[in-house]
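So the chains spell out like this:
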Amino acid sequence: MAKMDDESLVHLLITREEDSSSYVWGQLGAERESAMRQYHRLPYGNEEEGWSQVVTSDVQDTVEWILPDLLDVFCTTDEAVVFEPTKPGDEKGAQQATQAVNYVFHKQNNGFLTLYTAFKDALIVRNGCIMWRKETKSEITEQPFNGASAEMLAMLQQGDLDEGMRDDERAEHDSETQPDKPEFEIIEATPREVMGPMGPTIVFDGRLKKTEEVTKIKVEAFEPENLLIARRWNSPLLQDCPYVCRMMQVTLSELHEMGFDSVTSEELAGSDGSSFSADQSFRLNRVGQSDAEFAAGRQGYAESADESQTEGWLRIEFVRVDYDGDGIAELRCIYRVNETILSNEPCNHIPIATASPILNTHRWDGMSIADIVSDLQVLHTELMRQTLNSLYLSNNPRTKVLTDANWSPLANIDDLLDSRPGGIIRQRDMNAVSEHVTPFTGQQSFPMLEYVQGMREARTGVTRYNQGMDADSLNKTASGIKQIKTAGQQRIKLIARIFAETLLKPCMQGILKLLTDGGMQRVSMRLRGEFVEYDPNEWRDQYDTTINVGLGSGDREIQSVFLNTILAQQLNLVQGGMGSVLVTEKNIYTTLSKMVENAGYKNVGEFWTDPSKAPKTVEQKKQEASQAAQAQFQQQAQLQMQTIQAKAQADMQLAQMKAQIDAEMEKIRSATKLQEHRGQLELQATNDDRDAQRELMKAEYEAKLEEMRLQLDKYKVDHDNATRLVIAQLGQVAPVEPMMQQANMVINAQAGML
């Protein structure tokens, strides 16, 4: 398959956006607008002038009473999420990751406000949304200096400004800072002359500015209408969703800070977003701005001299698509303005989570508290209006006026319309004016109002006992009230568990992924009164995640009873002599710590001291010194015994080794002698063979030499006879003997050569 080009990718993204937005900005948007109208108690549109127009606050009351319990569940502990190790050796990394991730969520970001916004959105408009991402900005830090020389100014420009910071400021500053080189600048330096030991000296007073690039993890809750999810997605967990998009309203300045300098104000102002959906329009109307005014305002910024404040919509899309043409769809993160792709990078997770208080199985969008209370609010409103109308008529009866035959009133109508105390009514007949009494029938509505109230409590779990109210029809005993409150809290506990698993858990896991992606500096924080520093690069991004769902007020009372019982049993065991077996100082400290946390206090160190960190008393030091001396004596005695045993064992091993070596040497000697004897025999046999061959060769040589001598003698005789014959033929008279001698010499020379 061929690689996908940008034009095809943009077409795919627009198609998926339109499919998702048709539901989110259509049917779902209208239902969300209705829920927000009921929460804000806006008129229904069926009101009549002169009659009651009251709107009851069932949705608002239920949401506002559930919120405190939900926030109390997650904000009463510093470790709302705990990472657990998945294999040996991960214990330290998991503990550090737990502390760092909770610190980033609650301290570096406003964790309370993020949870409050997301929870409230979910309770009203079905979905609460959270996004986490890295954000890099330029941070400027200024520090004054006084009496600095020129050399000191040079050192200040190369130094660190952290010396003037408090410890908590330095911890937060360091945890957000990348190891990029900061830029220093002297923004003000006023010279003055002072008298020094060597005479007058010029020093400077002023301010030093440090500019550095700071990268931190930003966690924020955003509007649910700006979250687009594939229409057919069937789970509130979005990590495997084929299409997720956040519509983010940004200014041109913010886009440029993100690194997208190529975007112009006209392009950004022309980008459409969720501003025309029903729920977003309602938000604009709440601040007195219509859709047309909002669009005109954006265009006005684009045409003004300050283009940096031009507003528009940035689409941050996470889509699974086969972009590289390998036949496998991969997850990609795309930043887009209209049809212009600003960034297209692969990613390993979707940094967005959403949750609903009531889950619809096989759907990503669930139900809100407003959905299950809105019909009761309509019914309650109608009953309340009818009751008030009856009360109005009963307290303010109509007036009957007699008329004559021509229908002219026998009393002054203006006087009757004037209801001032002590006013005068003029009439021509004493019976001309009388009241038309309407009996009050509102008491007949009271049972129905009580029934509606009971239905709301059954649906939501928010009872009048949770609100500090009382009712004559309910059980007033302490145990009965506790049972009612506990039963009502079960519904809220379920909502808390849903939020924990679908919203908070993915968020914390995502923060850990961003910390371990690389490029993050060591994280410094203040933990339980002490400063610690962790390196995220030493952690893994895969730990088992556990959500610590906190306790409601009723559960705290029960938990407090259990903890007091446990503490009493621990102290009894210590006093009874079993403490050294079953109970340690650490066990008692843990129980006391849980009691402090259960009371709502986060810093346990203000109440109890960890035994491992407690200062030691004189007696403890003496006891430890005695124990150390005794341990040292025992260690020395044990070391001496081990030395003696080791020496004896070494001597025994040495004797055994010597015996083995002697036996091996004897075997080697025997084998060597045998080998030498065999070698001698083989050498003797070889020498005998060589001597025999030599004798044979000598005999053959002597025989050959004898044969050559015989041939030479024959040659001499033949040569002598021939010479004599030649001489005889020549008839020379020369002596024969000298010639014979010369011939023999020649022959002997030739024989020697042979």
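Since the structure is predicted, the reported quantities are computational estimates derived from the model, not experimental observations. (Residues numbered from 1 in each chain as written. Predicted model: local features only at pLDDT ≥ 70, side-chain atom pairs only at ≥ 80, totals over all residues. Heavy atoms only, no water.)

**Observations regarding the overall build of the protein chain**
Going by this rule: Put simply, DSSP marks the helices as runs of H or I at least four residues long and the strands as runs of E at least two long, and each gets a number from the N terminus on. Accessibility here uses a 1.4 Å probe with only protein chains present; expressed as a share of the type maximum, an area under 20% marks a residue as buried, one over 50% as exposed, and anything in between as partly exposed. When checking whether two residues touch, look at their non-hydrogen atoms; a contact exists if any pair is within 4.5 Å. Every accessible area reported is derived by Shrake-Rupley at a probe size of 1.4 Å, with residue values counting cover from the shown protein chains alone.
Counting secondary structure elements, the protein chain contains 19 helices and 15 strands. Within the protein chain, buried positions represent 36% of all 754 residues. Pairs at least 24 residues apart make up 71% of the contacts formed inside the protein chain by residues separated by at least 6 positions. Counting every atom, the protein chain has about 44600 Å² of accessible surface; 53% of that belongs to carbon and sulfur.

**Considering helix α2 (residues 58-75)**
As a reminder of what qualifies: Here the expected length of a helix is defined as 1.5 Å per residue gap, with one fewer gap than residues.
The terminal C-alpha atoms of α2 lie 26 Å apart, and with 18 residues this matches the ideal 26 Å at 1.5 Å per residue to within 8%. Those residues of α2 not exposed but buried are Asp 58, Val 59, Thr 62, Val 63, Ile 66, Leu 67, Leu 70, Leu 71, Val 73, Phe 74 and Cys 75.

**Brief notes about the layout of surface pockets**
We apply this condition: In the cavity and pocket records, a cavity denotes points on a 1 Å grid over the protein atoms alone where a 1.4 Å probe fits but cannot get out, a pocket denotes an open set with protein on both sides within 12 Å along at least 5 of 7 lines, and lining residues are residues with an atom within 4 Å of a point. Grid points are joined across faces, edges and corners, and a volume is the space filled by probe spheres set on the points. Classification convention: Asp, Glu, Lys, Arg as charged; Ala, Val, Leu, Ile, Met, Phe, Trp, Tyr, Cys, Pro as nonpolar; all other residues, Gly among them, as polar.
Considering only enclosed or pocket space, the second largest pocket measures out at about 760 Å³ in volume. Lining the second largest pocket we find 30 residues, and of these Arg 133, Lys 134, Glu 135, Cys 333 and Tyr 335 sit closest to its centre. Looking at the lining of the second largest pocket, its residues break down into 13 nonpolar, 6 polar and 11 charged.

**A closer look at the sheet that holds strand β5 (residues 227-229)**
Here is the rule we go by: By the convention used here, strands pair only if DSSP detects at least 2 bridges between them. Here, axes are lines fitted to C-alpha atoms. For helices the fit covers the stretch in contact, and angles between N-to-C directions go from 0 to 180 degrees.
Across the sheet, which stays open at both edges, the 5 strands sit in the order β5-β6-β7-β8-β9 with antiparallel pairing between neighbours. The open sheet has two free edges, formed respectively by β5 and β9 (340-346), since each of these has just one partner strand. Neighbour-to-neighbour, the strand axes of this sheet turn through a mean angle of 20 degrees, independent of strand direction. As paired strands, strand β8 (residues 330-337) and β9 are joined by 6 bridges and run antiparallel to one another. Bridge pairing in β9 links Ile 334 to Asn 344. Strands in contact with helix α1 (residues 6-39) are β5, β6 (243-251), β7 (311-321), β8 and β9; relative to β7, the strand with the most contacts, it is inclined by about 105 degrees.

**Things to note about α1**
One turn of the α-helix equals 3.6 residues, which is why residues spaced by three or four share an orientation. Note the threshold: The bend at a residue is defined as the angle formed between two axes, one fitted to the seven residues ending at that residue and one fitted to the seven starting there.
Maximal helix bending in α1 amounts to about 50 degrees, located at Gly 29. Taken from the residues just after α1, Arg 41 is the one with a positive phi, measuring 60 degrees.

**Here's the deal with a nonpolar patch on the surface**
The condition that has to hold: A patch is a set of surface residues, each over 30% in relative accessible area and not in a salt bridge, joined within 9 Å for like charges and within 5 Å for the nonpolar side chains Val, Leu, Ile, Met, Phe, Trp and Tyr. Salt bridges are defined as contacts in which a side-chain nitrogen from Lys or Arg sits within 4 Å of a carboxyl oxygen from Asp or Glu.
Nonpolar side chains collect at one region of the surface, where Met 657, Ile 661, Met 665 and Ile 668 lie side by side and expose about 370 Å² of accessible area between them. Here Met 665 lies in helix α18 (residues 618-730). Take Met 665: its relative accessible area is 36%, and that puts it in the partly exposed class.

**Some remarks on the nonpolar core**
Convention followed: The definition of a nonpolar core used throughout is a set of buried Ala, Val, Leu, Ile, Met, Phe, Trp, Tyr and Cys residues joined through side-chain atoms within 4.5 Å.
Ranked by internal contacts, the top residues of the largest apolar core, which has 52 residues, are Leu 70, Phe 74, Phe 119 and Ile 511. The greatest single-element share of this core, amounting to 13 residues, is contributed by helix α14 (residues 478-516). One finds Leu 228, Cys 241, Val 319 and Leu 331 within the second-largest nonpolar core, a separate group that totals 42 residues.

**Here we look at unusual backbone geometry**
Trans peptide bonds make up most of the peptide bonds, and negative phi angles are found at most residues other than glycine. Positive phi outside glycine occurs at Arg 41, with the angle close to 60 degrees. Mapped onto the elements, Arg 41 comes out in the loop between α1 and α2. Notably, His 362 is not glycine yet its phi reads approximately 65 degrees, a positive angle. Locating His 362 in the fold gives a position in the loop between β10 (352-355) and α11 (369-395).

**Some details on the packing of aromatic side chains**
As a reminder, the rule being used: Aromatic contacts are taken between Phe, Tyr and Trp rings whose centres are within 6.5 Å, Trp giving its six-membered ring; a plane angle under 30 degrees counts as stacked, one over 60 as edge-to-face, and the others as tilted. Over a ring means this: the NZ of a Lys or the CZ of an Arg is within 6 Å of the ring centre and within 35 degrees of the ring normal.
Applying the stated criterion to the full structure yields 5 aromatic pairs. Ring geometry for Tyr 23 against Trp 364: centres 6.4 Å apart, planes inclined by 85 degrees, an arrangement best described as edge-to-face. Placement of Tyr 23 in helix α1 and of Trp 364 in the loop between β10 and α11 is noted, with a sequence separation of 341 residues between them. Just as Tyr 23 is buried, Trp 364 falls in that class too. For the ring pair Phe 74 and Phe 119, a centre distance of 5.6 Å and an interplane angle of 55 degrees mean the geometry is tilted. With Phe 74 in helix α2 and Phe 119 in helix α4 (residues 111-125), the pair connects residues that are 45 residues apart, well separated along the chain. An identical accessibility class is assigned to Phe 74 and Phe 119; each is buried. Residue placement shows Arg 246 over the ring face of Phe 222; its charged tip is 4.4 Å from the ring centre.

**Some points on the side chain of Asp 121**
Within the element layout of this structure, Asp 121 appears in helix α4. A relative accessible area of 13% places Asp 121 in the buried class.

**Digging into the pattern of salt bridges**
Here the structure, examined in full by the defined rule, presents 25 salt bridges. Of the charged contacts, one joins Lys 218 and Glu 135 as a salt bridge, the two residues approaching to 3.7 Å between their closest N and O atoms. With Lys 218 in strand β4 (residues 199-222) and Glu 135 in strand β2 (residues 128-148), this pair connects stretches of sequence that are 83 residues apart. The exposure class of Glu 135 is buried, given its relative accessible area of 13%.

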